[in-house]
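Listed below, chain by chain, are the residues.
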Amino acid sequence: MTSQQDDADPRGYIGWLPTDLLSKTAVSYPATTARIGVAVPFTMLYDENKAPIFEVTMGTRFTELAVENDWIKVATPLGESYLKRESIVVPVTGETNGDKMVAMARQFLGLRYLWAGISPYGFDCSGLMYTLHRVLGFDIPRDADDQRNSGQPVAPEALQPGDMLFFCL
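Calculation rules
Residues numbered from 1 in each chain as written. Predicted model: local features only at pLDDT ≥ 70, side-chain atom pairs only at ≥ 80, totals over all residues. Heavy atoms only, no water. Patch = residues over 30% accessible without salt bridge, like charges linked within 9 Å, V, L, I, M, F, W, Y side chains within 5 Å. Areas by Shrake-Rupley, 256 points an atom, 1.4 Å probe, with all protein chains shown as cover. Salt bridge = Lys/Arg side-chain N within 4 Å of Asp/Glu carboxyl O. Helix = DSSP H or I, 4+ residues; strand = E, 2+ residues; numbered from the N terminus. Buried < 20%, exposed > 50% of the residue type's maximum accessible area, 1.4 Å probe, protein only. Arc of directions from axis to C-beta. Contact = heavy atoms within 4.5 Å. Polar contact = N/O pair within 3.5 Å; in protein donor to acceptor, adjacent residues only side chain to side chain.

What follows deals with a nonpolar patch on the surface. Judged by side-chain polarity, Val154, Leu159, Leu165 and Phe167 come together as a nonpolar surface patch covering roughly 430 Å² of accessible area. Residue position: Leu165 is located in the segment after helix H3 (144-150). With relative accessibility at 53%, the residue Leu165 sits in the exposed group.

All of the buried residues in helix H1 (residues 97-106) are Gly98, Met101 and Met104. Taken end-on, H1 shows its buried residues confined to a sector of 125°, consistent with a single buried face. Tucked into the core, H1 has its buried residues touching helix H2 (125-135). One side-chain oxygen of the residue at the start of H1 lies 3.3 Å from the amide nitrogen of Gly98, identifying that residue as Thr96.

Of all the 11 residues making up H2, 10 are buried; the element is thus mostly covered by neighbouring parts of the structure. Among all positions in H2, only Ser126, Gly127, Leu128, Met129, Tyr130, Thr131, Leu132, His133, Arg134 and Val135 are buried. The secondary structure elements touched by the buried residues of H2 are strand E4 (61-68), H1, strand E7 (118-119), strand E8 (122-123) and H3. The positive-phi residue at the C-terminal boundary of H2 is Gly137, with phi of around 90°.

Further remarks concern unusual backbone geometry. Unlike most non-glycine residues, Asn69 shows phi in positive territory, near 55°. Checked against the element boundaries, Asn69 lands in the loop between E4 and strand E5 (71-76). Phi at Ala116 takes a positive value of approximately 70°, unusual for a residue other than glycine. Following the sequence through the fold, Ala116 ends up in the loop between H1 and E7. Classification of Ala116 by relative accessible area gives partly exposed; the value is 33%.

Okay, here's the thing in structure tokens:
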């Protein structure tokens, strides 16, 4: 089961990748339930020597293994890696999660539209909402129709920052 719910498949939102990118080595993760997520648009993942491995984006989730001063040790398919502690702190403030969501969204004004995009490299409308909710710890479906169907109606006069509006022609 994936973390991206989809009404088209009970297993969740299905993705594909080239076979040559699959590993023949089994990967096991330590038994833990501590999950953390990247809260800034871009951050670096580091190896055990704190040398950069590659960039990861907002909304990426990891299993936390340990906190070591300003570093968080995480489990990845590459083995144990590190994130800077500051990369998991939501970089905006607000009285409500809706206020925080609006503030986070503002940093992407002018970013190009990317169909099926769910990262700061490019978003589509439902992907932006999916990622912002994910950063704040809320799991919502990935696609707009599923988001609409799983939400609760709100009267126009009761709308609050962070509420989602859906239109159809």
